[in-house]
Amino acid sequence: MVTDAINIKDAYYINIGVNFDITVLSGYSNKDVLTNCINVLKDHFNIDNWQINQPIILSDITSKLFQIKGVQSVIKLEIINKQGNNYSPYGYDIAGATRNGNIYPSLDPAIFEIRFPDTDIQGRVVVS
């Protein structure tokens, strides 16, 4: 039977955090470069820029960090799952969902979210 009915399902939200380490070119302020990196990541992960079932492409994040003036190298980029308390009740195996530098959401409708960008995005300048 053909109908025009639509089934709408709620998507699961997967709360994540971002940890990264960078080195800074000489002549640039470590604090300013790190602040710019965090602001770029806040913009990248703004929930208005994401769609349900969109994967996280790690090379896109690394590329955005390299475009910031003063960034010499990205030493570490880590996406971690945040769950419980003020976060999603759903745990997610980030390592198991990572294939070829992409982190895929589950087969159920899901969306990645940084719930508290001011604290869930952590950056560090490493002196080489």
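For the structure, see preceding data.
Residues numbered from 1 in each chain as written. Predicted model: local features only at pLDDT ≥ 70, side-chain atom pairs only at ≥ 80, totals over all residues. Heavy atoms only, no water.

So, the overall build of the protein
Summing up its helical and strand segments, the protein has three helices and seven strands in all. Walking the protein from its N terminus toward its C terminus, one meets helices and strands in the order β-α-β-α-β-β-β-β-α-β. The principal-axis extents of the C-alpha atoms in the protein amount to approximately 70 × 30 × 25 Å. Residues counted as buried form 32% of the 128 residues belonging to the protein. The long-range share in the protein, meaning contacts at least 24 apart out of those at least 6 apart in sequence, stands at 74%. Counting every atom, the protein has about 8200 Å² of accessible surface; 48% of that belongs to carbon and sulfur. When the 10 positive and 13 negative side-chain charges of the protein are each reduced to one mean point, those points stand 8 Å apart. (Helix = DSSP H or I, 4+ residues; strand = E, 2+ residues; numbered from the N terminus. Buried < 20%, exposed > 50% of the residue type's maximum accessible area, 1.4 Å probe, protein only. Contact = heavy atoms within 4.5 Å. Areas by Shrake-Rupley, 256 points an atom, 1.4 Å probe, with all protein chains shown as cover. Lys, Arg positive; Asp, Glu negative; His and termini not counted. Charge placed at Lys NZ, Arg CZ, Asp CG, Glu CD.)

Concerning the pattern of salt bridges
Counted according to the given criterion, the structure contains four salt bridges. Close ionic contact of Asp21 with Arg124 constitutes a salt bridge, the shortest N to O distance being 2.8 Å. Of this pair, Asp21 sits in strand β1 (residues 12-24) while Arg124 sits in strand β7 (residues 121-125); the two residues are 103 residues apart in sequence, bridging distant segments of the chain. Judged by relative accessible area, Asp21 falls into the buried class, the value being 6%. (Salt bridge = Lys/Arg side-chain N within 4 Å of Asp/Glu carboxyl O.)

Describing helix α1 (residues 30-44)
With 15 residues, α1 ought to run about 21 Å at 1.5 Å a step, and its terminal C-alpha atoms sit 21 Å apart, in line with that. Within α1 the residues assigned to the buried category are Val33, Leu34, Cys37, Ile38, Leu41 and His44. Burial along α1 is one-sided: seen end-on, the buried residues are contained in an arc of 135°. Exposed and oriented more than 90 degrees from the buried face of α1 are Lys31 and Asp43. For α1, the elements touching its buried residues are β1, α2 (58-66), β3 (71-81) and β7. (Expected span 1.5 Å × (residues − 1). Arc of directions from axis to C-beta.)

Focus on the sheet that holds strand β5 (residues 102-103)
Within the open sheet, the three strands sit side by side as β2-β5-β4. Their pairing is antiparallel. The open sheet has two free edges, formed respectively by β2 (56-57) and β4 (98-99), since each of these has just one partner strand. Relative to β5, β4 runs antiparallel, the two being bridged by two bridges. From the neighbouring strand, Thr98 faces β5, where its bridge partner is Ile103. (Pairing = 2+ DSSP bridges.)

Notes on the nonpolar core
Ile16, Phe20, Ile22, Phe45, Ile56 and Ile79 are the most contacted members of the largest nonpolar core, which has 29 residues in total. Looking at this core, the element that brings in the most residues is β1, giving six residues. Beyond its immediate chain neighbours, meaning those up to four positions away, Ile22 contacts Val33, Leu34, Cys37, Val71, Ser73, Val74, Ile75, Arg124, Val125 and Val126. (Core = buried A, V, L, I, M, F, W, Y, C linked by side-chain atoms within 4.5 Å.)

So, to be careful, I would describe these as geometric facts and stop short of saying anything about function.
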